Amino acid sequence: MTGTATDPTPTATRHRHLLDFTAWSAADVVALLGRADVMAQVLTRTIKKVPALQGFTIATLFFEESTRTRLSFERAARAQSADVIAFAAGSSSLKKGESLRDTLRTVDQLQVDLYVVRHPASGAPYQLARWTDAAIVNAGDGRRAHPTQALLDAYTMLKRFGGGGGGGSERADPERPFAGKRLTIVGDVDHSRVARSNVELFTKLGGEVTLCGPATLVPAEFGAVPGVRVVTRLEEAVEGAHAVMGLRLQQERMSAGLLPSLSEYVARYQLTEKVMRLAHDGAILMHPGPLIRDVEVDSALADGPRSVIEQQVANGVPVRMAVLYTLLVGKG
Amino acid sequence: MSDHPTDDSRGAEPTPKRRSPARSRTSVRGGAAGPRTVLRRARLAIVDGLSRPTDVYVRGGVVEGFDLGGAVDLELDAREQLVTPAFVDLHAHLRDPGQEVKEDLASGLAAAAAGGFGTVISMANTTPAVDDPGLVADLIRRAELVGQARLRPAATVTAGMRGERLTDFAALQAAGAVMLTDDGLPLADTNLMRRACEYAAELGLVIQTHSEEPRLRANGVMNEGRVSRELGLPGNTASAETIMVFRDTEIARLTGARVHIAHVSCERAMRVAEWQRANGAPITIEVTPQHLTLTDEALRTFDPVFKVAPPLRTSTDVAHLREALRRGAVDNIGTDHAPHTLAEKERDLLEAPFGIANLEVTFALLYTRLVLTGELPLTCLLHLLQGGPASVMGWQAPTLTPGAPADLTVIDLEGERPVQGRSFKSKAKHNPWEGEPLSGWPRLTLVRGNVCYDREGG
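Right, let's walk through the structure included here. (Residues numbered from 1 in each chain as written. Chains lettered and ligands numbered in written order. Predicted model: local features only at pLDDT ≥ 70, side-chain atom pairs only at ≥ 80, totals over all residues. Heavy atoms only, no water.)

1. Remarks on the overall build of chain B
Working step 1: Across its full length, chain B holds 14 helices and 21 strands.
Working step 2: For chain B, the C-alpha radius of gyration of 22 Å lies close to 23 Å, the compact-globule estimate for 458 residues.
Working step 3: In terms of its C-alpha atoms, chain B occupies a principal-axis envelope of roughly 65 × 45 × 45 Å.
Working step 4: In chain B, which comprises 458 residues, the share counted as buried stands at 60%.
Working step 5: The long-range share in chain B, meaning contacts at least 24 apart out of those at least 6 apart in sequence, stands at 75%.
Working step 6: Summed over its atoms, the accessible surface of chain B is roughly 16,400 Å², and 51% of this surface lies on carbon and sulfur atoms. (Helix = DSSP H or I, 4+ residues; strand = E, 2+ residues; numbered from the N terminus. Rg over C-alpha atoms; globule rule 2.2 N^0.38 Å. Buried < 20%, exposed > 50% of the residue type's maximum accessible area, 1.4 Å probe, protein only. Contact = heavy atoms within 4.5 Å. Areas by Shrake-Rupley, 256 points an atom, 1.4 Å probe, with all protein chains shown as cover.)

2. Description of the overall build of chain A
Working step 1: Across its full length, chain A holds 13 helices and 9 strands.
Working step 2: For chain A, whose C-alpha radius of gyration is 20 Å, the value lies close to the compact-globule estimate of 20 Å for 332 residues.
Working step 3: Its C-alpha atoms put chain A at 60 × 55 × 35 Å along the principal axes.
Working step 4: Taking the contacts inside chain A whose residues are at least 6 apart along the sequence as the reference set, 73% of them involve residues at least 24 apart.
Working step 5: Of the side chains in chain A, 38 bear a positive and 35 a negative charge, and the two mean positions are spaced by 3 Å. (Lys, Arg positive; Asp, Glu negative; His and termini not counted. Charge placed at Lys NZ, Arg CZ, Asp CG, Glu CD.)

3. Focus: the sheet that holds strand β17 (residues 283-287) of chain B
Residues and elements named next belong to chain B.
Working step 1: Strand order in the open sheet formed by 8 strands is β9-β10-β11-β12-β13-β16-β17-β18, and the pairing between neighbours is parallel. In this open sheet, the two edge strands, each paired with only one partner strand, are β9 (87-92) and β18 (332-333).
Working step 2: In this fold helix α4 (residues 190-203) packs onto β12 (179-181), β13 (206-209) and β16 (258-261), with an angle of close to 150° to the strand it touches most, β13. (Pairing = 2+ DSSP bridges. Axes fitted to C-alpha atoms, helices over the stretch in contact; angles between N-to-C directions.)

4. Concerning the sheet that holds strand β5 (residues 182-186) of chain A
Residue and element names in this part refer to chain A.
Working step 1: Strand order in this open sheet of 5 strands is β7-β6-β5-β8-β9, and the pairing throughout is parallel. Of all strands in the sheet, those bounded by a partner on one side alone are β7 (228-231) and β9 (284-286). If you compare each strand with its neighbour and ignore which way they point, the axes differ by 20° on average.
Working step 2: Across 4 bridges, the pairing between β5 and strand β8 (residues 243-246) is parallel. Across the sheet, residue Val-186 finds its bridge partner in β8, namely Gly-246.
Working step 3: Contacting β5, β6 (208-212), β7 and β8, helix α7 (residues 193-204) runs over the sheet at an angle of about 170° to β5.

5. Thoughts on unusual backbone geometry
Working step 1: That bond from B:Thr127 to B:Pro128 is cis: its omega, 0°, falls within 30 degrees of zero.
Working step 2: Structurally, B:Pro128 is set in the loop between β10 (117-122) and α2 (133-146).
Working step 3: Of note, the amide linkage connecting B:Ala309 to B:Pro310 takes the cis form, showing an omega dihedral of -5°.
Working step 4: For A:Gln111, which is not glycine, the phi torsion reads 55° and is therefore positive.

6. Regarding the side chain of B:Asp104
Residues and elements named next belong to chain B.
Working step 1: Position of Asp-104 relative to the elements: it lies in the loop between β9 and α1 (105-114).
Working step 2: Within the local environment of Asp-104, its side chain forms a polar contact with the backbone nitrogen of Ala-106, the two atoms lying 3.1 Å apart.
Working step 3: Of the polar contacts made by the side chain of Asp-104, one reaches the backbone nitrogen of Ser-107; its length is 2.8 Å.
Working step 4: In contact with Asp-104, not counting residues within four places along its chain, are Leu-94, Asp-96, Leu-109 and Lys-427. (Polar contact = N/O pair within 3.5 Å; in protein donor to acceptor, adjacent residues only side chain to side chain.)

7. Remarks on the nonpolar core
Working step 1: Membership of the largest hydrophobic core comes to 92 residues, with the highest contact counts inside it found for A:Leu151, A:Ile185, A:Leu271 and A:Leu324.
Working step 2: No other element matches the 10 residues that helix α13 (residues 309-328) of chain A contributes to this core.
Working step 3: Discounting residues that sit within four places of it in the chain, A:Leu271 has contacts with A:Val186, A:Leu234, A:Val238, A:Val244, A:Met245, A:Gly246, A:Leu285, A:Glu296, A:Val297, A:Asp298 and A:Leu301.
Working step 4: In terms of nonpolar packing, the next biggest core, distinct from the first, is built from 70 residues, B:Leu166, B:Tyr367, B:Leu376 and B:Leu382 among them. (Core = buried A, V, L, I, M, F, W, Y, C linked by side-chain atoms within 4.5 Å.)

8. As for the interface of chain B and chain A
Working step 1: On the chain A side, the residues contacting the 18 residues of chain B number 22 residues.
Working step 2: Interface area, chain B with chain A, both sides summed: about 1,700 Å², of which 52% is carbon and sulfur.
Working step 3: The largest per-residue losses of area from chain B upon contact with chain A belong to B:Arg229, B:Phe302 and B:Glu346, which jointly make up 40% of the total buried on that side.
Working step 4: Scanning the region where chain B abuts chain A turns up 3 salt bridges.
Working step 5: We note a salt bridge from A:Arg101 to B:Glu346, for which the minimum N-O separation is 2.9 Å.
Working step 6: Remark: the boundary between chain B and chain A carries 11 residue pairs in polar contact (both at pLDDT 80 or more).
Working step 7: The element contributing the most residues to the side of chain B that touches chain A is helix α6 (residues 226-231) of chain B, with 4 residues. (Buried area = accessible area lost by both parts, 1.4 Å probe. Salt bridge = Lys/Arg side-chain N within 4 Å of Asp/Glu carboxyl O.)

Honestly, that's just the spatial picture; any functional story needs more than this.
Next up, the structure:
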């Protein structure tokens with residue numbers, strides 16, 4: 001923990017992580033999303049940089065390649081003047097038999113204040129959090145969680161349909177900005193950390209989630225979570241939704257026997273303009289990327305006015321700026 | 001397994017000298033029948049409790065008798081604690097040969113003695129796998145040099161555990177192998193399983209199975225269910241075990257082979273095994289300490305110390321296994337002691353290996369959780385570690401009657417102390433119960449009449 005002399009905010013770094021949302025209250029999340037608004041303004045200036053995190057060192061520790069997530073975090077860190085080091089752990093050290101803890105021991109010698117961790121195994125950021133004093137931001141662990149993606153999705157939805165119950169103006173509960181709102185997630189939910197984190201966050205903020213896909217990809221157990229229902233027919237799932245999210249479908253699902261064929265998936269679950277007409281007026285289309293056009297989402301829909309896919313990517317930077325700032329500097 | 005008397009240290013100490021309150025040499029004797037040891041104030045397990053304190057005399061590696069009096073070479077004090085035949089474990093991974101970084105014969109058999117075990121069957125999934133009579137003979141020879149708990153090696157069912165070709169069962173048996181198993185890997189080829197059972201039945205060998213349908217188990221790292229869905233970890237469904245238990249018990253019925261179902265972990269597999277046994281399948285059923293005490297909720301910590309195969313199941317399964325114990329439906333408790341290095345267990349949950357090291361906590365854990373809570377009588381727990389496993393193997397039940405091998409352990413049923421991995425004899429110091437206060441720790445273990453473990457003596 002290296003608060004230096006040039007640190008503009010001498011507040012001690014708090015040992016608090018963003019691993020998932022279990023430890024975060026709705027109020028914490030709402031405050032963080034509010035801070036993202038301030039960060040978004042910074043990014044509209046001519047000089048898109050503030051000294052808020054000067055003197056802090058942030059390391060991206062990616063055990064699994066993800067250029068877009070890593071770039072988004074690096075942009076968020078540099079816009080606040082943090083020093084950034086990239087540790088592409090890949091799987092090479094693991095293949096050599098090095099333990100996760102030993103990998104961490106090595107990079108911990110670089111006096112890092114915050115690690116941004118991407119790992120193919122669920123729970124790896126939890127393990128790392130036990131072994132280091134630095135803060136940890138989970139940038140995606142296995143199928144389990146991708147909390148900053150869920151935050152940027154929530155931020156994007158708030159921008160589009162505002163806070164407050166049922167879109168009405170009267171007495172909205174600030175901690176339940178998604179009260180009365182419905183998010184439908186379509187596709188390979190079981191293998192998706194994006195889906196898990198969105199379920200966790202959207203319901204925490206008062207909304208309801210519908211999960212849709214074939215039973216091989218959307219196990220019925222998910223329906224046991226309060227505020228979540230599982231529907232296998234796409235039309236029924238989309239009906240009345242305020243936001244519809246497609247998920248990435250990986251080719252290996254076919255070889256693993258989870259799906260008969262791509263064409264059958266397209267026929268039953270592809271998101272199209274037509275099916276979106278069943279959704280709420282003004283419903284938006286989201287996708288965490290990378291998008292496989294004309295499989296998960298029809299091109300016309302992906303490029304049409306309902307699509308907020310590009311805003312999602314853009315919103316990733318101010319949201320991640322807010323996350324880094326909140327963990328390293330804290331409230332204020 | 002020769003019961004050789006001690007002859008190593010006599011003469012090194014010409015004057016009798018007090019060593020510890022528990023252990024003193026009173027005179028130097030010996031003679032043709034070997035050195036004589038007395039275990040004073042021993043209390044034996046009887047129905048409804050413990051016997052009156054009694055002196056147990058041991059001579060030449062066998063129990064000589066009770067309250068005999070007379071001169072002895074070594075005097076030990078049982079302090080009115082439980083003295084009982086040393087336990088028998090049918091299922092321990094001692095990792096020797098080839099994986100000595102995890103465990104070896106010396107550390108593994110010392111760990112067994114420290115856990116109160118006098119006899120251990122070593123699993124054959126070593127490097128190389130124990131698929132050759134020479135390897136069996138070598139294990140036996142080296143274990144005798146170690147002089148700790150007795151080793152009875154298992155050998156593999158198939159060459160190199162590749163699941164393709166049977167090993168030379170008769171030659172392995174002649175070399176001293178007492179069990180055949182590819183434990184760690186299920187035998188996928190059902191026809192080969194049938195032939196293995198037919199061939200083993202003729203020789204009277206026990207075939208032990210790790211029953212999980214390999215394709216269905218797939219790459220699961222924990223029990224499939226609500227918790228695995230939530231944690232996003234690949235699940236291993238209880239159906240994979242249930243299906244394979246049905247297959248293996250059905251093959252046992254078909255062939256008449258003695259099939260031992262290792263580590264039954266879930267309710268449905270237990271029901272299937274019991275149903276098959278009731279309908280004539282010559283099978284026996286084992287459960288492990290971990291499947292009796294832990295659930296898949298433990299994986300919420302994301303600590304690979306809880307990664308084990310078969311996986312930790314749900315509380316419903318644990319309750320059913322315990323109920324089966326109470327009904328006497330379980331033949332033995334096998335530890336499935338499966339040591340790994342700490343570094344291996346500090347990998348992520350997908351990469352970390354399966355296995356829990358538990359030889360040294362097994363009795364205290366089960367005594368504390370099952371006997372002290374009133375769930376299971378002490379005599380039942382002892383049976384599951386003594387007569388139960390012996391009967392699975394067709395061995396004589398361990399006993400302290402005169403003439404029986406002097407394999408016994410002294411257990412402190414009163415004192416409570418926390419699990420401390422760092423004091424383990426096993427090379428694996430990490431375990432799922434670290435820090436938990438338990439009672440029922442073995443204090444002293446004799447094998448062949450020799451002190452192999454003495455908690456105070458080190």
